[in-house]
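Residue strings, one per chain:
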There are 2 protein chains.
Amino acid sequence: MREVFQQELREVQDRLVEIASLVTESIEKATQAFNESNVTLAETVIADDDKIDAAAYELDELAIQILARQQPVARDLRIVVSALRISASLERMGDMSTHISQLARYRFPEKVVPKKLRPTFVEMGRLDVEIARMLTELLRTQDTAIAEAIRNEDDKVDALHLSVFDTVLGESWKGEAVDTVDSTLASRYHERFADHAVSIAKKVQYLATGDWIPSDS
Amino acid sequence: MREVFQQELREVQDRLVEIASLVTESIEKATQAFNESNVTLAETVIADDDKIDAAAYELDELAIQILARQQPVARDLRIVVSALRISASLERMGDMSTHISQLARYRFPEKVVPKKLRPTFVEMGRLDVEIARMLTELLRTQDTAIAEAIRNEDDKVDALHLSVFDTVLGESWKGEAVDTVDSTLASRYHERFADHAVSIAKKVQYLATGDWIPSDS
């Protein structure tokens, strides 16, 4: 029984890694679509979000079946419960990629943000992609050092998020309302993407240390 | 055993209703603070968010203990798992109240949004409060008719959310960048608050119909 359970836990872990890979692919394409106003790529991201949602749903069903069949307790139980929460956060990360892609599509053939802010968004996008790759690696290896690294990269994203507001609210901002709206939303989506990764990293960290599972904050 | 389990499920339900009541109080104060730029009230909401987070965390711990002790299967298991998801969404609703309050605090003594948009935000706030009250009632009574009503109110919030963009992007918009940023974020927070309520309503509905639990979308 125990052996079967360990096997099922590995299956859960493999699925989480697989979903994280889909999310990584989605943010890679979303940020490229956003920065290059590539509407075709944007539409691919939007269409492919269903795959992430379906994979998350299937993982949830598997986790619920494991709870019913194996009736785990203690740390084993928390691992399965945390898998349910991690899949929900991964699904939200996919939604952020979709929102970023929708902004690119709406503004096509225009670029979403004015020249002045483009380097900032290129960097935010690069960090989001890096964070998604680290998150996939964290889920694969459970190496908590990666969790720490994700928090550090998230701090950089938060700093860039604030700098977007400084720019938009600064004296020298010449953007029209549409530039202000899109920059505000785009920055928020990039920042939320990284936040979800941090909340997942915390869960993996707490599990590794045998501590409790924090709520999604 | 079964009797004990039913008792524990009632405890879980009572706790969800209690958290929903805290969220209702929080959005009532947040929207009033926002509309009247009442910084004291805004700070109360921000300070009280810890209570919502703590209540959600305690409920999660109770649900995990129930899974360990009672090892429920089938629908009973899904009820406990859905409670974990509902508490996560309630916690996020509290975060939205906090974000709305933070906007009010940052702009104090100024009002957050320009005159032109205030009636729209008063109405969005009224709908969010109404949705929170309905959600509390839904969790108390499990009356799925209320779930439908919440979806209908959410449609109104979505329409107002779009109308904010129409205004901000319209010819006649005279707002400065700061007005555009705050209106965009405030509208997003009001809309997300209602979205989380809908995702909870769907879970209650699916449970009532014995159907599967949808992921957080």
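All residue numbers here refer to positions counted from 1 along the written sequence of the relevant chain. The lettering of chains begins at A and the numbering of ligands begins at 1, in the order of writing. Under the rules for a predicted model, residues below a pLDDT of 70 receive no local features and side-chain atom pairs below 80 are neither given nor counted, while totals for whole chains, interfaces and linings still include all residues. Calculation of side-chain values draws on the structure's entire complement of heavy atoms; hydrogens and water are dropped beforehand.

Undergrad: Residue-level account of the interface of chain B and chain A, with values.
TA: Between chain B and chain A, the contact holds 37 residues from the first and 37 residues from the second. Put simply, buried area is how much 1.4 Å-probe accessible surface two parts lose in total, over both of them, once they are put together. Carbon and sulfur atoms make up 63% of the area that chain B and chain A hide from each other, which totals about 3,200 Å². Take a side-chain nitrogen of Lys or Arg and a carboxyl oxygen of Asp or Glu: if they are within 4 Å of each other, that pair is a salt bridge. Counting the contacts that link chain B with chain A gives four salt bridges. For Arg78(A), the salt bridge identified is with Glu61(B), shortest N-O distance 2.7 Å. Helix and strand assignments follow DSSP, with helices taken as H or I runs no shorter than four residues and strands as E runs no shorter than two, numbered in order from the N terminus. Secondary-structure elements contributing two or more residues to the side of chain B that touches chain A are α2 (39-70), α3 (74-107), α5 (144-168) and α6 (177-208) of chain B. Any residue that is not Ala, Val, Leu, Ile, Met, Phe, Trp, Tyr, Cys, Pro, Asp, Glu, Lys or Arg is counted as polar, Gly included; the first ten are nonpolar and the last four charged. For the side of chain B that touches chain A, the class distribution of residues is 22 nonpolar, six polar and nine charged. By definition in these notes, contact holds between two residues if any of their heavy atoms fall within 4.5 Å.

Undergrad: Can you tell me about the relation of the copies chain B and chain A, naming the residues and giving the values?
TA: To superpose the copies, least squares is applied to the C-alpha atoms of every residue with a pLDDT of at least 70 in both. Rotating chain B by 180° about the axis while translating it 0.0 Å along that axis superimposes it on chain A, leaving an RMSD of 0.0 Å. What we have between these two chains is a two-fold relation. Take the interface residues of chain B: 100% of them recur as interface residues in chain A, which is what a same-surface contact looks like.

Undergrad: So what's going on with helix α2 (residues 39-70) of chain A? Which residues, and what values?
TA: Taking 1.5 Å as the rise per residue, α2(A) with 32 residues should run 46 Å; its terminal C-alpha atoms sit 47 Å apart, in good agreement. Polar contact criterion, stated in full: a pair of N or O atoms within 3.5 Å, where within protein one must be able to donate a hydrogen and the other to accept it, and residues adjacent in sequence count only if both atoms are side-chain atoms. A side-chain oxygen of the first residue of α2(A) lies 3.2 Å from the backbone nitrogen of Thr40(A); this N-cap is Asn38(A). Each residue after the first adds 1.5 Å to the expected span of a helix.

Undergrad: So what's going on with the packing of helix α6 (residues 177-208) of chain A against α6(B)? Residues and values would help.
TA: Axis angles are defined between N-to-C directions and span 0 to 180 degrees, where every axis is a line fitted to C-alpha atoms and, for a helix, only to the segment in contact. Where α6(A) contacts α6(B), the two axes come as close as 9 Å, and the packing angle between them is 45°. Overall, the two elements α6(A) and α6(B) adopt an arrangement that is oblique. Considering the relative orientation of α6(A) and α6(B), their crossing is right-handed. Facing α6(A), whose interface residues are Ala177(A), Thr180(A), Val181(A), Thr184(A), Leu185(A), Arg188(A) and Tyr189(A), α6(B) presents Ala177(B), Thr180(B), Val181(B), Thr184(B), Leu185(B), Arg188(B) and Tyr189(B). Partitioned by chemical class, the residues of the contact of α6(A) with α6(B) number eight nonpolar, four polar and two charged. Any angle that falls under 35 degrees is termed roughly parallel, while one over 145 is termed roughly antiparallel, one within 65 to 115 roughly perpendicular, and all others oblique. A clockwise turn of the near helix away from the far one marks a right-handed crossing, whereas an anticlockwise turn of less than a right angle marks a left-handed crossing.

Undergrad: So what about the layout of surface pockets? Which residues, and what values?
TA: Size it by volume and the second largest pocket reaches roughly 430 Å³. Detection works on a 1 Å grid of protein atoms alone, calling trapped sets that fit a 1.4 Å probe cavities and calling open sets with protein on both sides within 12 Å along at least five of seven lines pockets, with lining residues defined by an atom within 4 Å of a point. In this structure, the second largest pocket is lined by 18 residues; those nearest its centre are Phe165(A), Leu103(B), Tyr106(B), Leu185(B) and Tyr189(B). Only α5 (144-168) and α6 of chain A together with α3 and α6 of chain B provide two or more residues apiece to the lining of the second largest pocket. Here the lining of the second largest pocket is composed, by residue class, of nine nonpolar, three polar and six charged. Grid points are joined across faces, edges and corners, and a volume is the space filled by probe spheres set on the points.

Undergrad: Give me the lowdown on the pattern of salt bridges, citing residues and values where you can.
TA: Residues and elements named next belong to chain B. Under the definition given, this model contains 37 salt bridges over all chains. Between Glu28 and Arg133 there is a salt bridge whose closest N-O contact spans 2.9 Å. Highlighted residues: Glu28 in helix α1 (residues 2-36) and Arg133 in helix α4 (residues 118-141), separated in sequence by 105 residues. Note that Arg107 is salt-bridged to Asp182, the shortest N-O span being 2.6 Å.

Undergrad: Report on the packing of α4(B) against α5(B), specifying residues and quantitative values.
TA: All names here are of chain B. Direction vectors running N to C along α4 and α5 enclose 160°, while the axes themselves pass 9 Å from each other. Considered as vectors, α4 and α5 are oriented roughly antiparallel to each other. Judged by the twist between their axes, the crossing of α4 over α5 is left-handed. Here the contact of α4 with α5 is composed, by residue class, of 14 nonpolar, five polar and seven charged.

Undergrad: Which residues make up the environment of Leu59(B), and what values go with them?
TA: All names here are of chain B. By the element assignment, Leu59 lies in helix α2. Along the primary structure Leu59 and Lys174 are separated by 115 residues, whereas in three dimensions their C-alpha atoms are 47 Å apart. With residues near it in sequence (within four places) discarded, Leu59 still touches Val12, Arg15, Leu16, Ile19, Ala83 and Ser87.

Undergrad: I'd like a description of the side chain of Glu153(B), backed by residues and values.
TA: All names here are of chain B. Tracing the backbone through its elements, the reader meets Glu153 in helix α5. Within the local environment of Glu153, its side chain forms a polar contact with the side chain of Lys156, the two groups lying 2.9 Å apart. Look past the residues within four positions of Glu153 in its chain and what remains in contact with it is Leu127, Glu130, Ile131 and Met134.

Undergrad: Give a detailed account of the UniProt feature "domain: PhoU" (unreviewed entry) in chain A, specifying residues and quantitative values.
TA: Residue and element names in this part refer to chain A. UniProt positions are given in the numbering used here, feature names are shortened, and annotations may be inferred rather than shown by experiment. The feature "domain: PhoU" (unreviewed entry), as annotated in UniProt, sits at residues 17-103 and 122-204 in this numbering. The span residues 17-103 is 94% helical and 0% strand by assignment, and the distance between its end C-alpha atoms comes to 28 Å. Within residues 122-204, the helical portion is 88% and the strand portion 0%, while the C-alpha atoms at the span's ends are 29 Å from each other.

Undergrad: Outline unusual backbone geometry, listing residues and values.
TA: With an omega dihedral of 0°, the bond running from Phe108(A) to Pro109(A) counts as a cis peptide bond. With respect to the secondary-structure elements, Pro109(A) resides in the loop between α3 (74-107) and α4 (118-141). One non-glycine residue, Ala74(B), adopts positive backbone phi at about 50°. Tracing the chain through its elements places Ala74(B) in helix α3.

Undergrad: Can you lay out the side chain of Ser26(A) for me, pointing to particular residues and giving the numbers?
TA: Residues and elements named next belong to chain A. Residue position: Ser26 is located in helix α1 (residues 2-36). Given a relative accessible area of 9%, Ser26 falls into the buried group. Setting aside chain neighbours within four positions, we find Ser26 in contact with Val45, Ile52, Gly94 and Ser97. Only protein chains enter the calculation, and the probe is 1.4 Å; a residue is then buried if its accessible area is under 20% of its type maximum, exposed if over 50%, and partly exposed in between.

Undergrad: Before we move on, can you summarise the packing of aromatic side chains with the specific residues and values?
TA: Residue and element names in this part refer to chain A. In this scheme Phe, Tyr and Trp rings, the latter by its six-membered ring, pair at centre separations within 6.5 Å, and the angle between planes marks the pair as stacked below 30 degrees, edge-to-face above 60, and tilted otherwise. On inspection of all chains with the given rule, the structure shows two aromatic pairs over all chains. When the ring of Phe34 is compared with that of Phe121, the centres are 5.5 Å apart and the planes differ by 50°; the resulting orientation is tilted. Linking Phe34 in helix α1 with Phe121 in helix α4, this pair joins segments that are 87 residues apart in sequence. The pair Phe34 / Phe121 is uniform in exposure class, with both members buried.

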